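Each chain, written out:
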Amino acid sequence: MSNQNTVNRELFDEVMVPNYSPSAVIPVRGEGSRVWDQEGREYIDFAGGIAVNCLGHCHPALVNALKDQADKIWHLSNVMTNEPALRLAKNITDNTFADKVYFANSGAESNEAALKLARRWALDVHGADKTQIIAFKQGFHGRTFFTVTVGGQAAYSDGFGPKPGDIFHAEYNNLESVKALISDKTCAVVMEPLQGEGGIVSPTDEFVQGVRELCNEHNALLVFDEVQTGVGRTGDLYAYMGLGITPDILTTAKALGGGFPIGAMITTTEIAKHLKIGTHGSTYGGNPLACAVAEAAFNTVNDPQVLNGVKEKAKLYVDGLNAINAKYNVFSEIRGKGLLIGAVLNEQYQGKAKDFLNAAMSEGLMTLVAGASIVRFAPSLVIPNKDIAEGLARFEQAVAKIVNA
Ligand SMILES: Cc1ncc(COP(=O)(O)O)c(C=O)c1O
C-alpha cells in the first residue's frame, strides 16, 4: 500500500515511462500562488503548471464549479450533448471571432483537429493538390505525430518512422521565408502568436499582418495556436486580439480549464462545415466536468479587471527582473507579453537555465525554462502583488547564489 514514505520521487523512476525528468519535490497542496510539498515546505508558483493555472491553485470559482458539476453528471460522450459544453461554447463564440467550437482534451488534440479540418477544407473547396502546411522553426504544437511534425523542432519528431507529409517550416518573423514557401498548394499556415516553448518570441506586427495577407492571396487558412497564449495570458483574452488580425482557426487549451484538462478548436461556420458528422471525434471532448470548470475559468478571466491586472503585474515582473539584472548582470533581455515572460541568459550563462530553475526551487520558487538559456515565468493571472514581490526576492537569492558560486 502507498503512503507518504513509499510515494516518493524514487518511485517515479520505478513505475513511470522515462519520458520525463520531474523535480525531486512532490507538491501535495496549493492555494492561490502558493504550493506545499510532502514535507510541508512552501513554494511560490511562478510556473503555473506551464501556463495552465490561470487562476492559481484551487480558485474558489473553479472548485465550486467542479464540486457543483460533480453532483450532477460527469460524462455522457458525444452521443448526447450537455449543458456545460453548450454554455462554454456559447461564451467562447460570443467573445471571439468564431461561430463554432470543437472540444478536445488537450492542446495537441485541439491542433490535431485544426490540422485535419484545414486539410479537409482544402480538399473539399480547392481539390486534392492543396495539402501543404507551413509552420515555423522552433514552433511547438503538441506531441501527436501530426502536431509534433508540424512543430518546428525535428529533434521531437525524429525517431518514430515515416512522418506525415507536406509540412514545411519557415522562419518566425521572416516574411520572406514564408513567401518562399507559400503557394496555391498551401492549405494552411500554422503559427503561435508568440512562440512559447521555442523561446518566448513575439512576432512583429508587420510579420503577422504579412502572413495574414499571404494567406489571403493564396487562399490558405491561417491557424493560430493559442494553446499557451490564450485565455488572458498576454493581457488580451486571446493574443490575436492585440495583433490587429483575425485567424481562420484558433486552438485553445491550457488556461481554458485552469487546471482541468480541456482544449478547443474554434472557427467560422463556413470552415467548420467541412468537419461533417463522423469525420472527427473524441470520447471525452466536451466532457461536462471539464466544461463546467472551463466555463468558470473563462468567465473569471474574461473580465477587464483581470485582463488589465495581467498588464500591471507584467510590469512588476519586468521591473523586478531588470532590477535583479542591474545588480547581477545575468540576462541579455527580458521579453514576452503579459504574464508569459522570458528572461534570456546572457553569453556568460548560456545553457544554464536549468541551473537557475533548480536554484530557484531551492529558494522556494517554482519557475520554468524555455530552451536551455531562457528562464520562463507563466504565473497565475491573478497572482497577488505581494507574492510577485516575495517570489522575485527568492529569485534574486537564487541568482545571487549562482553568480557567487
Ligand atoms: C503553443 C502550444 N501548442 C500546443 C501545446 C501542446 O499542448 P498539450 O500539451 O496540452 O497537448 C503546447 C504545450 O506546451 C503549446 O505551448
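All values derive from a computational prediction rather than experimental measurement. (Residues numbered from 1 in each chain as written. Predicted model: local features only at pLDDT ≥ 70, side-chain atom pairs only at ≥ 80, totals over all residues. Heavy atoms only, no water.)

Caption draft 1: The overall build of the chain, seen in detail. For the chain, the helix and strand inventory stands at 14 helices and 15 strands. A compact globule built from 405 residues would reach a C-alpha radius of gyration of about 22 Å, and the chain, at 21 Å, matches this within 12%. Principal-axis analysis of the C-alpha atoms places the extent of the chain at approximately 60 × 55 × 45 Å. A separation threshold of at least 6 residues defines the contact pool for the chain, and within that pool the share at least 24 residues apart is 71%. Split by element, the accessible area of the chain, about 18,000 Å² in all, is 53% carbon and sulfur. (Helix = DSSP H or I, 4+ residues; strand = E, 2+ residues; numbered from the N terminus. Rg over C-alpha atoms; globule rule 2.2 N^0.38 Å. Contact = heavy atoms within 4.5 Å. Areas by Shrake-Rupley, 256 points an atom, 1.4 Å probe, with all protein chains shown as cover.)

Caption draft 2: Just the pattern of salt bridges, in detail. This structure, assessed with the given rule, holds 21 salt bridges. Across the pair Glu42 and Arg394 runs a salt bridge whose closest N-O atoms are separated by 2.9 Å. Of this pair, Glu42 sits in strand β3 (residues 42-45) while Arg394 is found in helix α14 (residues 385-404), placing the two residues 352 residues apart along the sequence. Classification of Glu42 by relative accessible area gives partly exposed; the value is 25%. On the accessibility criterion, Arg394 (13% relative accessible area) is buried. The residue Arg394 makes a salt bridge to Glu390 at a minimum N-O spacing of 3.0 Å. Separated by four residues within a single helix, Arg394 and Glu390 lie in helix α14, roughly one turn from each other. A network of salt bridges, in which partner residues are shared, links Arg34, Glu42, Lys386, Asp387, Glu390 and Arg394. (Salt bridge = Lys/Arg side-chain N within 4 Å of Asp/Glu carboxyl O. Buried < 20%, exposed > 50% of the residue type's maximum accessible area, 1.4 Å probe, protein only.)

Caption draft 3: Main features of the pairing of strand β15 (residues 374-377). Of the two faces of β15, both are covered, the one formed by Ile374 and Arg376 as well as the one formed by Val375 and Phe377. Bridge analysis of strand β12 (residues 340-345) against β15 gives four bridges, and the strand direction is antiparallel. Following the sheet pairing, Val344 is matched in β15 by Ile374. Bridging between strand β14 (residues 368-369) and β15 involves two bridges; their strand directions are antiparallel. When the bridges of β15 are listed, Leu368 appears paired with Arg376. What sits between the antiparallel neighbours β14 and β15 is a turn of four residues, in which Gly371 has the positive phi angle 80 degrees. (Pairing = 2+ DSSP bridges.)

Caption draft 4: Spatial organisation of the site of the ligand. Inspection of the region around the ligand gives 13 residues, with Gly107, Ala108, Asp225, Gln228 and Lys254 positioned closest. Here an oxygen atom of the ligand and a backbone polar atom of Gly107 are 2.8 Å apart. In this structure, Phe140 approaches the ligand through a main-chain N or O atom, which is 3.3 Å from a nitrogen atom. Surface burial for the ligand is 81%, taken as the share of its 390 Å² of free accessible area covered by protein chains. Here the residues of the shell around the ligand sort into three nonpolar, six polar and four charged. (Near = heavy atom within 4 Å. Polar contact = N/O pair within 3.5 Å; in protein donor to acceptor, adjacent residues only side chain to side chain. Nonpolar A, V, L, I, M, F, W, Y, C, P; charged D, E, K, R; others polar.)

Caption draft 5: Main features of the pairing of strand β10 (residues 263-267). Summarising burial for β10: five of the five residues are buried, a large majority. Inspection of the sheet shows strand β4 (residues 100-104) paired to β10 by five bridges, in the antiparallel sense. Bridge pairing in β10 links Ala104 to Gly263.

Caption draft 6: Looking closely at the side chain of Gln38. Note on placement: Gln38 falls in the loop between β2 (34-37) and β3. A distance of 2.7 Å separates the side chain of Gln38 from the backbone oxygen of Val7, its partner in a polar contact.

Caption draft 7: A look at the sheet that holds strand β8 (residues 221-225). The strand order across the open sheet formed by seven strands is β4-β10-β9-β8-β7-β5-β6, and the pairing between neighbours is mixed. Looking at strand neighbours, the two that pair on one side only are β4 and β6 (167-170), the edges of this open sheet. Strand after strand, the sheet turns through a mean of 20 degrees between neighbouring axes, direction not considered. Examined bridge by bridge, strand β5 (residues 132-136) and β6 share four bridges and lie parallel to one another. Within β6, the residue paired with Phe136 across the bridge is Ala170. The strands touched by helix α9 (residues 205-217) are β5, β7 (186-191) and β8; relative to β8, the strand with the most contacts, the crossing angle is about 140 degrees. (Axes fitted to C-alpha atoms, helices over the stretch in contact; angles between N-to-C directions.)

Caption draft 8: Fine view of the sheet that holds β15. Within the open sheet, the four strands sit side by side as β11-β12-β15-β14. Their pairing is antiparallel. Two strands lie at the open edges of the sheet, namely β11 (331-337) and β14, each paired on one side alone.

Caption draft 9: Region of interest: the packing of helix α4 (residues 83-95) against helix α11 (residues 288-301). Remark: α4 packs on α11, axes separated minimally by 8 Å, with the N-to-C direction vectors making an angle of 35 degrees. Between α4 and α11 lies a crossing whose hand is left-handed. Across the interface between the two elements, Pro84, Ala85, Arg87, Leu88, Asn91, Ile92 and Asn95 from α4 touch Pro288, Cys291, Ala292, Ala294, Glu295, Phe298 and Asn299 from α11. (Left-handed = near helix turned anticlockwise from the far one by under 90°.)

Caption draft 10: Just α4, in detail. Helix length check: α4 (13 residues) gives 18 Å between terminal C-alpha atoms against 18 Å at 1.5 Å per residue, within 8%. Every buried residue belonging to α4 is among Pro84, Ala85, Leu88, Ala89, Asn91, Ile92 and Thr93, and all of these are buried. Looking at the packing, one finds that the buried side of α4 touches α3 (60-70), β4, β10 and α11. Looking at where α4 begins, the residue whose side-chain oxygen comes 2.9 Å from the main-chain nitrogen of Ala85 is Asn82. (Expected span 1.5 Å × (residues − 1).)

Keep in mind that these numbers describe shape and distance, not what the molecule does.
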